[in-house]
Amino acid sequence: MSQPTGDSFPASVRVVDSHTEGEPTRVVLDGWPQPPGATMRARLDHVRAHDDRLRAAVLAEPRGYDAIVGALLTPPVTAGSAAGIIFFNNGTYLGMCGHGLIGVVRTLEFLGRLSPGEVRFDTPVGTVRAELAADGTVTIENVAASVHARDVAVEVPGYGLVTGDVAWGGNWFFITHADQVPVEMAEVEALTRFTRAIQAALRAQGITGANGGDIDHIEISAPPERADADCRNYVLCSGGEYDRSPCGTGTSAKMATLHARGELALGAPWRQEGIVGGLFTGWLTSGPDGALIPHIRGTAFVTGETTLRFDARDPFRFGIGADTARA
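As the structure is a prediction and not an experimental result, all values here were calculated from the model.

A.B. asks: Is there a simple way to explain helix 1 (residues 40–50) in this structure?
C.D. replies: Think of an α-helix as turning once every 3.6 residues; residues three or four places apart then point the same way. Residues of helix 1 that are buried include every one of M40, R43, L44 and V47, and no others. In an axial view of helix 1, the angular spread of the buried residues amounts to 100°, which keeps them on one side of the axis. For helix 1, the secondary structure elements touched by its buried residues are helix 2 (52–59), strand 3 (69–74), strand 4 (83–88), strand 5 (93–94) and strand 6 (117–123).

This is the structure we're talking about:
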């Protein structure tokens, strides 16, 4: 695997930071070598193979922290799209990211590249739509959501039997109402340990999404604290950190499970509260061949713009914890 090292590593990368309902997004504007490929999946594969060290350097300490999700902008691959997006986090890459897409839209508005109205973006799992309203709220139309398996039981060492649904919302989720740990901010560390244990048990027991897809997101649903919400969640992301937002792809997957159980009609609103108190409003519509198309509305705010610098003399140029032996 070839990684950018030595003189091939960029000296700087320009980014704009935002947060969507509390969850940060770092949009990479320039400095990152554009990945080749006729599809977004091919471009993601190229980044994974050749620029993974740059992913870590952009997000890891001392320039970032584990909760940030990165969004690399590329030229579009389909006619009519504004751009392509490769989403990534502290540990891996994402097919889609709902909060991240909302953050991208607000970032492009901040930069004067977007005005209120509809826009399309290409992602590794398909083309998605977004609509920027005059008041700054953003509504995204995600890729189709679906339920792969219901009432899946998994034995979790130290916690006992946990039952949940396996669903797709742009990433693979295991969604459970398990109550071994309360879904409260005061219990975030315990929730993280619990959901990591669920994730490890799913993998150890060979439980996957369709076509062997890795279930890399764990979502716990609980009663809401906000009066205007239907549900409160805690979501463990694929990099091992928790989602500060209500999770766009997780809300998409959750609505698919509710619809499959006859608990959410097409067009009916679902108000999803995140662990830190943010809110997404979602609903489902019917797409081609009866596919479930999730819509998610939320807000994002730009928090900063900066140029990340990577001095060749810096022992942490590639991020704290990175393998510097191959530098």
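Picking up where we left off.
A.B. asks: Would you take a moment to explain empty space enclosed by the protein for this structure?
C.D. replies: Using a probe with the size of a water molecule, rolled over the atoms, empty space left in the structure can be pinpointed. Evaluation of the coordinates by the stated rule reveals two cavities of 30 Å³ or more. Each pocket or cavity is described by its volume, and for the largest cavity that value is around 70 Å³. Listing elements by their share of the lining of the largest cavity, those giving two or more residues are helix 3 (98–110) and helix 5 (248–260). Its residues placed into classes, the lining of the largest cavity shows six nonpolar, six polar and two charged. By volume, the second largest cavity is sized at about 60 Å³. Lining the second largest cavity are 13 residues, with D66, A67, N89, N90 and C237 sitting closest to its centre.

A.B. asks: Explanation requested: the pattern of salt bridges in the structure shown.
C.D. replies: Close approach of charged atoms allows side chains of opposite charge to pair. Scanning the model with the defined rule gives 15 salt bridges in all. With a shortest N-O distance of 2.7 Å, R203 and D214 are connected by a salt bridge. Here R203 is found in helix 4 (residues 188–204), whereas its partner D214 is found in the loop between helix 4 and strand 12 (217–222), with eleven residues between them in sequence. The exposure class assigned to R203 is partly exposed, which follows from its relative accessible area of 42%. When salt bridges that share partners are traced, they join D151, D165 and R261 into one network.

A.B. asks: Hey, could you run me through the nonpolar core in this one?
C.D. replies: Taken as a class, soluble globular proteins show a tendency for nonpolar side chains to be buried jointly. Within the largest apolar cluster, 66 residues are counted, with the highest numbers of intra-cluster contacts made by F87, V104, F121 and F174. Sort the elements by how many residues they give to this core and helix 4 lands first, with eight residues. The residues contacting F121, other than those within four sequence positions of it, are S81, A82, A83, I85, L101, V104, V105, L108, L114, G126, T127 and V128. Ranked by size, the runner-up nonpolar core spans 20 residues in total, among them V47, A57, L72 and L308.

A.B. asks: Where do I start with the environment of L111 in this structure?
C.D. replies: Looking at where L111 falls in the secondary structure, it is placed in the loop between helix 3 and strand 6. With 95 residues separating them along the chain, L111 and V16 place their C-alpha atoms 9.2 Å apart. Every residue in contact with L111, bar those within four places of it in the chain, is listed here: V16 and L29.

A.B. asks: Help me understand the state of the cysteines, please; the structure alone is not making it clear to me.
C.D. replies: Should the sulfur atoms of two cysteines be covalently bonded, the bond is a disulfide. As enumerated under the stated definition, the model contains zero disulfides in all. Looking at C231, it has no disulfide partner, and the nearest cysteine sulfur is the one in C247, 12 Å off. Free of any disulfide, C237 has its nearest cysteine sulfur in C247, 5.8 Å distant.

A.B. asks: Would you take a moment to explain the environment of D230 for this structure?
C.D. replies: Take D230: it is sitting in the loop between strand 12 and strand 13 (231–236). Excluding residues that lie within four positions of it along the chain, D230 makes contacts with P224, P269, W270 and R271.

A.B. asks: Is there a simple way to explain the side chain of S81 in this structure?
C.D. replies: With respect to the helices and strands, S81 occurs in the loop between strand 3 and strand 4. Only 2.9 Å separates the side chain of S81 from the side chain of T78, close enough to count as a polar contact. Reaching out from S81, the side chain makes a polar contact with the side chain of D122 at a distance of 2.9 Å. Excluding anything up to four places from it in sequence, S81 contacts P76, R120, F121, D122 and T127.

Criteria and thresholds
Residues numbered from 1 in each chain as written. Predicted model: local features only at pLDDT ≥ 70, side-chain atom pairs only at ≥ 80, totals over all residues. Heavy atoms only, no water. Buried < 20%, exposed > 50% of the residue type's maximum accessible area, 1.4 Å probe, protein only. Helix = DSSP H or I, 4+ residues; strand = E, 2+ residues; numbered from the N terminus. Arc of directions from axis to C-beta. Contact = heavy atoms within 4.5 Å. 1 Å grid on protein atoms, 1.4 Å probe; cavity = no way out; pocket = protein on both sides within 12 Å on 5 of 7 lines; lining within 4 Å. Points joined across faces, edges and corners; volume = space filled by probe spheres on them. Nonpolar A, V, L, I, M, F, W, Y, C, P; charged D, E, K, R; others polar. Salt bridge = Lys/Arg side-chain N within 4 Å of Asp/Glu carboxyl O. Core = buried A, V, L, I, M, F, W, Y, C linked by side-chain atoms within 4.5 Å. Disulfide = S-S within 2.5 Å. Polar contact = N/O pair within 3.5 Å; in protein donor to acceptor, adjacent residues only side chain to side chain.

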